[in-house]
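# Tertiary structure, described
These are the residues of each chain, in order.
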Amino acid sequence: MPTPTDPAATAPGARAGAPAPIIEFRDVEKRFGDNVVLKDLNFHVNKGERVTLIGPSGSGKTTILRLVMTLEEATGGIILIDGQPLTHRLEEGGKRVRLSNREIKRTRTRIGMVFQQFNLFPNMTVIENIIESPVHVLGQSKTEARSKAQDLLGKVGLADKADAHPSSLSGGQQQRVAIARALAMDPEILLLDEVTSALDPEIVDEVLGILRNIAETTDITMLIVTHEMQFARDVSDRVLMFDGGSIVEDSDPHTMFTAPTHDRTKKFLRAVLGEGQIGTR
Ligand SMILES: Nc1ncnc2c1ncn2[C@@H]1O[C@H](COP(=O)(O)OP(=O)(O)OP(=O)(O)O)[C@@H](O)[C@H]1O
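Sequence order as written defines residue numbering, which begins from 1 separately in each chain. With the structure being a predicted model, the display of local features is reserved for residues of pLDDT at least 70 and the display and counting of side-chain atom pairs for 80 or more, all residues being used for whole-chain, interface and lining totals.

Applicable threshold: UniProt positions are given in the numbering used here, feature names are shortened, and annotations may be inferred rather than shown by experiment.
Going by the annotation in an unreviewed UniProt entry, the name recorded for the protein chain is Amino acid ABC transporter ATP-binding protein, with Citricoccus nitrophenolicus given as the source organism. What UniProt states about the protein chain under its Sequence similarities (unreviewed entry) heading is, verbatim, "Belongs to the ABC transporter superfamily." Note on the protein chain: under the UniProt heading Subcellular location (unreviewed entry), the record states "Cell membrane".

## Remarks on the UniProt feature "domain: ABC transporter" (unreviewed entry) in the protein chain
Quick note on the threshold: The helix and strand labels rest on DSSP assignments: H or I over at least four residues marks a helix, E over at least two residues marks a strand, and numbering proceeds from the N terminus.
Look at the UniProt record and you will see "domain: ABC transporter" (unreviewed entry) annotated at residues 23-269. For residues 23-269, the helix share is 37%, the strand share is 27%, and the end-to-end C-alpha distance is 26 Å.

## Regarding the sheet that holds strand β4 (residues 76-81)
For clarity, the cut-off: Following DSSP output, two strands are said to pair if at least two bridges run between them.
Spatially, the 4 strands line up as an open sheet ordered β2-β1-β4-β5, and their pairing is antiparallel. Among the strands making up the open sheet, the edge pair consists of β2 (35-46) and β5 (84-85). Judged from the 2 bridges that link them, β4 and β5 form a sheet pairing that is antiparallel. Its bridge partner lying in β5, Ile 81 is registered against Gln 84.

## Looking at the confidence of the model for the protein chain
Stated formally: For every residue, the pLDDT score states the predictor's confidence, bounded by 0 at the bottom and 100 at the top. Residues are defined as contacting one another if the C-beta atoms placed from their backbone atoms lie within 7 Å.
Confidence along the protein chain averages 90 in pLDDT terms, with 91% of residues attaining 70 or more. Residue range residues 1-14 is modelled with pLDDT below 50. Its contacts to residues more than four positions away, or to other chains, number 22 contacts. Among the prediction metrics, the complex's ipTM stands at 0.97, with pTM recorded as 0.90.

## Some points on the site of the ligand
Rule in force here: Here is the check we use: build the C-beta atom from the backbone, and if it is within 6 Å of the molecule or strand, call the residue near. Note that Gly is not counted as nonpolar here; it falls among the polar residues with everything else outside the nonpolar set of Ala, Val, Leu, Ile, Met, Phe, Trp, Tyr, Cys and Pro and the charged set of Asp, Glu, Lys and Arg.
In the neighbourhood of the ligand, the contacting residues comprise Phe 32, Asn 35, Val 37, Gly 55, Ser 57, Gly 58, Ser 59, Gly 60, Lys 61, Thr 62 and Thr 63. When residues in the shell around the ligand are grouped by element, the largest group, 3 residues, is from helix α1 (residues 61-68). The class makeup of the residues in the shell around the ligand is 2 nonpolar, 8 polar and 1 charged.

## Concerning the sheet that holds strand β10 (residues 221-225)
For clarity, the cut-off: Helix axes use the C-alpha atoms of the stretch in contact, all axes being lines fitted to C-alpha atoms, and the angles between their N-to-C directions lie in the range 0 to 180 degrees.
Strand order in this open sheet of 6 strands is β8-β9-β10-β3-β11-β12, and the pairing throughout is mixed. Among the strands making up the open sheet, the edge pair consists of β8 (111-114) and β12 (246-251). On average, each strand axis in the sheet is tilted by 20 degrees relative to the strand beside it, whichever way the strands run. The pairing of strand β11 (residues 238-243) with β12 spans 5 bridges and is classified as antiparallel. Counterpart to Val 239 in the pairing with β12 is Ser 251. Contacts from α1 reach β3 (50-54), β8, β9 (189-193), β10 and β11, with the element oriented near 145 degrees to β10.

Put into structure tokens, the structure is as follows:
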């Protein structure tokens, strides 16, 4: 019987050449007190895949991203990253054992997250925000980190803002800095949590354009929570529809948005896209 630390355990029945899961939830439960938000949740994301989570408010989408980022810890089951346990492993007999903080941190450095509210350090300049983790977590020299940060600022269209403070930037610019900051850690997995929800409608597209570009030009695995259904259609390989902490539908974006099978999905998409929009493309 393979153990959870054995890479072969990540994909039961995996064949050579078959897609390899980089994120795997096995019977995951997350409760906050009596509120069971996720129950026996099983799903995986393969390396390089872009997977979008959709579903009504409170269905547990953000909680899933926060579990992967280790901002929360599951209360049951295990999560594997590239075959390695993220916060807990299962011992023989099914006993759940928490890993050491050092082990958890080692895996966490492979994962980046961009939040709805940017979460930049207000007392640091743009470039100081970007180099903070590469220098202090990865041990890069300041010179190396600055040079890379400047490159990334060019990629997000903010080459001239390195020495600005976040408060002098627009929301869209701050979110672009947050994207550059996440990329500066060379993440294998990028988590995007409603990254345009706090932005004025006219600058949503500038941020989505940068994310589209990242999706097109890198092989970073992406797990996305968004209310921007067009963006979800464009960048996703798979869309998972959540309700009540469970997956009710898992399909490619074309099928999900034009011919959803589950009544709950149809109702949700009608509410989000408007009556008559499902099946229009
Ligand atoms: N830190 C917390 N403490 C207590 N309850 C929490 C906490 N975080 C989330 N919850 C609860 O977990 C449930 C799922 O929340 P979550 O934010 O994951 O949903 P969501 O699908 O992302 O919703 P939305 O689309 O509105 O962001 C909600 O009932 C929420 O109140």
